Amino acid sequence: MTDQDTPLYAPREPIFPRRVTGWFRTFKWWIMAVTLGIYYLTPWIRWDRGPNLPDQAVLVDLANRRFYFFWIEIWPHEFYFVAGLLIMAGLGLFLFTSALGRVWCGYTCPQTVWTDLFILVERWIEGDRNARIRLHRQEMDGRKIRLRATKYLVWLLIAIATGGAWVFYFTDAPQLAVDLVTFDAHPVAYATIGILTATTFIFGGFMREQVCIYMCPWPRIQGAMMDSDTLTVGYRDWRGEPRGKHRKGARAAATAQAATAYAVPEEDLPEGPDHGRPISTHGGTAEVQPLGDCIDCMACVNVCPMGIDIRDGQQMECITCALCIDACDDVMAKIGKPRGLIDYLALSDEPRERAGNAPRPIWHHVLRPRTILYTAIYALIGIGLVVALFVRQPIDMTVSPVRNPTYVTLSDGSVRNIYDVRLRNMAGEDKPFHLSLVSDEILRIDLEGTAERNVVVPANETLLQRVYVTARAQDPAAEMDRVEFRFWVEDLTSQDRAFVDTVFNGRGTE
Ligand code: SF4
Ligand code: SF4
């Protein structure tokens, strides 16, 4: 076939990962249980904040523009907390990728977690790899229809639960659950659940590895964070090659040769056809070429959710889920060889290992300038956010000068500037706020709608108050270009204070 004959689109080859057990698989089960548990259960955790506030521990209250996270309440003007957390999340991703490759992809990415869950369901219903391959290839019959329908139904229930859980983060979960089943919920809630149900069902059930390979930009970006010291899943080809199947008869001869012998119990050797690997016999006398540790059993390939052969070297498709490590370690245990033919490896160790030396310790790869720098920035931002959280005041204000016109000359010759002041009461009870100003020049402050300089701001609300600042005709500020001054707001019950610096414009502005 010439290049011109090569089709632009190749249909997906379905992958049927085999069940595997081992340390990494167990670790992945735990990660799956924890991440799914957090996702599904968090909206149902209650948190008492007082009479005027929602009692949902984690809530994105879009209507009132608030984010609640247990005892923390983030207001729109405090968006820097969210920005800081996003930066920390990005840095965390950089840190783990530079140290351990694509661990995010292999263990915690939602696409990985839900695909793993969908494969688990598929295995429960249709059987392990070989049974699923047979089912895939056979003609449609009653049994196949029943198995497929059952699988799709369970997938659909998981997908609906996934889409449903998402909307619970945006409003009171118990109330929304009632509204959803009584069809009283907002259409946006149903639309969101529908979209997320469809994407979960399609991405986890059918597209699977294609999302990682073709849709996600992260595999392309991650290379910038990795270097030769990054620990990532690899194959020790210097130990495994030449690969070949071991036969019992030939194995006995092999063990007799010091160059190739391993202390392997004869009964532990796997049986199976010799696929023409470099073991040969002539006239009944075994002539054995040295074999590597890889017995070419394909266990590592058969468990791979991405359908790749790690023995071909590092590949973009590899999500470093480490399931091939478990599979190969299991094989090595059965044939009595040391674990780690496939393992977390650093490229910088390869020359040492090829020369017969042990790899350097893990800390040598993990602790290096790049990871230390990421950790330091991560810690600095984290400390900054924690400090900001504890020193923030429960009251706040923003000031917007009304500059159209810049100033107004009153009938008595005095000059007035107008300001829109937003007062925020972040406490759970109504608060009396007192407004004042401090300036080097003589300025007077008045509040629209009241002769007082006090206003009551309702609990957890923002009050927009128009404020007039006036310089009398005889005072210097009336003729000046600009006078800097400071607005103060004070909570009369707690004496908490906040200020904003702004400017008064006199007739000298022209
Ligand atoms: S080769 Fe496959 S099984 Fe091995 S770590 Fe990569 S994605 Fe996982
Ligand atoms: S699981 Fe290990 S022994 Fe089997 S083919 Fe893979 S690398 Fe070779």
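This structure is a prediction, so every number in the text was calculated from the model and none was measured. (Residues numbered from 1 in each chain as written. Chains lettered and ligands numbered in written order. Predicted model: local features only at pLDDT ≥ 70, side-chain atom pairs only at ≥ 80, totals over all residues. Heavy atoms only, no water.)

**Q** Sorry, what's going on with the nonpolar core here?
**A** For soluble globular proteins, nonpolar side chains are generally found buried alongside one another. If you look at the biggest cluster of nonpolar residues, it comprises 42 residues, and the most contacted ones within it are Y107, V233, M306, A322, I325, I342 and Y344. Contributions of two or more residues to this core are made by α1 (23-41), α2 (79-100), α3 (103-108), α9 (209-215), β4 (232-235), α13 (299-302), α14 (323-334) and β7 (342-345). When sequence neighbours within four positions are dropped, the list of residues in contact with M306 reads I15, E209, C212, I213, E317 and I319. If you look at the next biggest cluster of nonpolar residues, it comprises 28 residues, including I395, V415, Y419 and L447. (Core = buried A, V, L, I, M, F, W, Y, C linked by side-chain atoms within 4.5 Å. Buried < 20%, exposed > 50% of the residue type's maximum accessible area, 1.4 Å probe, protein only. Helix = DSSP H or I, 4+ residues; strand = E, 2+ residues; numbered from the N terminus. Contact = heavy atoms within 4.5 Å.)

**Q** Before we go on, may I ask you to explain helix α4 (residues 110-126) in this structure?
**A** Since the α-helix turns once every 3.6 residues, residues separated by three or four places project in the same direction. For α4, with 17 residues, the first-to-last C-alpha span of 24 Å sits near the 24 Å given by 1.5 Å per residue. Of the residues flanking the end of α4, it is G127, one or two places downstream, whose phi is positive at about 100°. (Expected span 1.5 Å × (residues − 1).)

**Q** I would appreciate a short explanation of the site of ligand 2 in the present structure.
**A** Close to ligand 2 lie 13 residues, the nearest being C294, C297, M298, C300 and C328. At the level of secondary structure, the elements contributing two or more residues to the shell around ligand 2 comprise α13 and α14. Class assignment for the residues of the shell around ligand 2 results in eleven nonpolar, no polar and two charged. (Near = heavy atom within 4 Å. Nonpolar A, V, L, I, M, F, W, Y, C, P; charged D, E, K, R; others polar.)

**Q** In this structure, what is going on with the sheet that holds strand β2 (residues 66-69)? I would like to understand it.
**A** Strand order in the open sheet formed by three strands is β1-β2-β3, with antiparallel pairing between adjacent strands. Every other strand in the sheet has two partners, leaving β1 (58-61) and β3 (72-74) as the edge strands with one partner each. With direction set aside, neighbouring strand axes in the sheet form an average angle of 10°. Inspection of the sheet shows β1 paired to β2 by four bridges, in the antiparallel sense. Bridged to D61 within β2 is R66. (Pairing = 2+ DSSP bridges. Axes fitted to C-alpha atoms, helices over the stretch in contact; angles between N-to-C directions.)

**Q** Please explain the packing of aromatic side chains as it appears in this structure.
**A** Working definition: an aromatic ring pair is given by the centre-to-centre distance plus the angle between the planes. Under the defined criterion, the tally for this structure stands at 29 aromatic pairs. Aromatic pair F118 and W155: ring centres 5.2 Å apart, planes at 25°, arrangement stacked. Separated by 37 residues along the polypeptide, F118 in helix α4 and W155 in helix α6 (residues 142-168) bring together distant segments of the chain. Like W155, F118 is buried. Every member of this aromatic cluster is reached through a ring pair, and the members are Y39, Y40, W114, W166, Y169 and F170. Its end group placed over the ring of W488, R497 keeps NZ or CZ at 4.0 Å from the ring centre. (Phe/Tyr/Trp six-rings, centres within 6.5 Å; stacked < 30°, edge-to-face > 60°. Lys NZ or Arg CZ within 6 Å of the ring centre and 35° of its normal.)

**Q** Before we go on, may I ask you to explain the site of ligand 1 in this structure?
**A** All residues in the neighbourhood of ligand 1 are listed as V233, C304, P305, M306, I308, I310, C318, I319, T320, C321, A322 and C324. Looking at the shell around ligand 1 residue by residue, the class counts come to eleven nonpolar, one polar and no charged.

**Q** I keep staring at the side chain of T112 and nothing clicks. Help me out?
**A** Secondary-structure assignment places T112 in helix α4. In this structure the side chain of T112 is engaged in a polar contact, spanning 2.4 Å, whose partner is the backbone oxygen of C105. Apart from the residues lying within four places of it in its own chain, the contact partners of T112 are K28, C105, G106, Y107 and I319. (Polar contact = N/O pair within 3.5 Å; in protein donor to acceptor, adjacent residues only side chain to side chain.)

**Q** It is not clear to me how the side chain of T115 should be interpreted in this structure. Could you clarify?
**A** Mapping T115 onto the fold places it in helix α4. T115 sits in the buried class, given a relative accessible area of 10%. Setting aside chain neighbours within four positions, we find T115 in contact with F203, G204 and R208.

**Q** Whenever I open this one, the packing of α4 against α6 confuses me. Can you help?
**A** Packed helices, taken two at a time, are described by their axes: the angle between them and the distance between them. Orientation of α4 relative to α6, taken along the N-to-C sense of each, is 150°, at an axis distance of 9 Å. The orientation of α4 relative to α6 falls into the category roughly antiparallel. The interaxial crossing formed by α4 with α6 has right-handed handedness. Across from W114, L117, F118, V121, E122, I125 and E126 in α4, the residues of α6 making contact are L147, R148, T150, K151, V154, W155, I158 and T162. (Parallel < 35°, antiparallel > 145°, perpendicular 65-115°, else oblique. Left-handed = near helix turned anticlockwise from the far one by under 90°.)

**Q** Please explain the sheet that holds strand β16 (residues 497-505) as it appears in this structure.
**A** One key point about sheets: their strands pair by backbone hydrogen bonds, in either a parallel or an antiparallel sense. Spatially, β13-β11-β15-β16 is the arrangement adopted by the four strands of the open sheet, whose pairing is antiparallel. The strands lining the two open edges of the sheet, one partner per strand, are β13 (454-457) and β16. When strand polarity is set aside, the average angle formed by the axes of neighbouring strands in this sheet is 30°.

**Q** Quick question: what am I supposed to make of the pattern of salt bridges here?
**A** Any two side chains of opposite charge can pair, so long as their charged atoms come close to each other. In total, this model carries 38 salt bridges according to the counting rule given. Close ionic contact of D128 with R123 constitutes a salt bridge, the shortest N to O distance being 3.6 Å. You can call R123 buried: its relative accessible area is 15%. A salt bridge links K151 to E126, with the nearest nitrogen and oxygen atoms 3.2 Å apart. (Salt bridge = Lys/Arg side-chain N within 4 Å of Asp/Glu carboxyl O.)

**Q** What am I meant to see in a nonpolar patch on the surface here?
**A** On the surface, I383, V386, V387, F390 and V391 cluster together into a nonpolar patch covering about 520 Å² of accessible area. Structurally, the position occupied by V391 is in helix α17 (residues 369-391). Residue classification places V391 among the exposed residues on the basis of a relative accessible area of 58%. (Patch = residues over 30% accessible without salt bridge, like charges linked within 9 Å, V, L, I, M, F, W, Y side chains within 5 Å. Areas by Shrake-Rupley, 256 points an atom, 1.4 Å probe, with all protein chains shown as cover.)

**Q** Would you explain the pairing of β2 in this entry?
**A** Looking down a regular strand, the side chains alternate between one sheet face and the other. Of the two faces of β2, only one is covered, namely that formed by R66 and Y68; the face formed by F67 and F69 stays uncovered. As judged from the three bridges shared by β2 and β3, these two strands associate in the antiparallel manner. Of the residues in β3, the one forming a bridge with F69 is I72. Count of turn residues in the β2/β3 antiparallel hairpin: two residues, of which F70 carries a positive phi of about 50°.

Keep in mind these numbers describe shape, not what the thing actually does.
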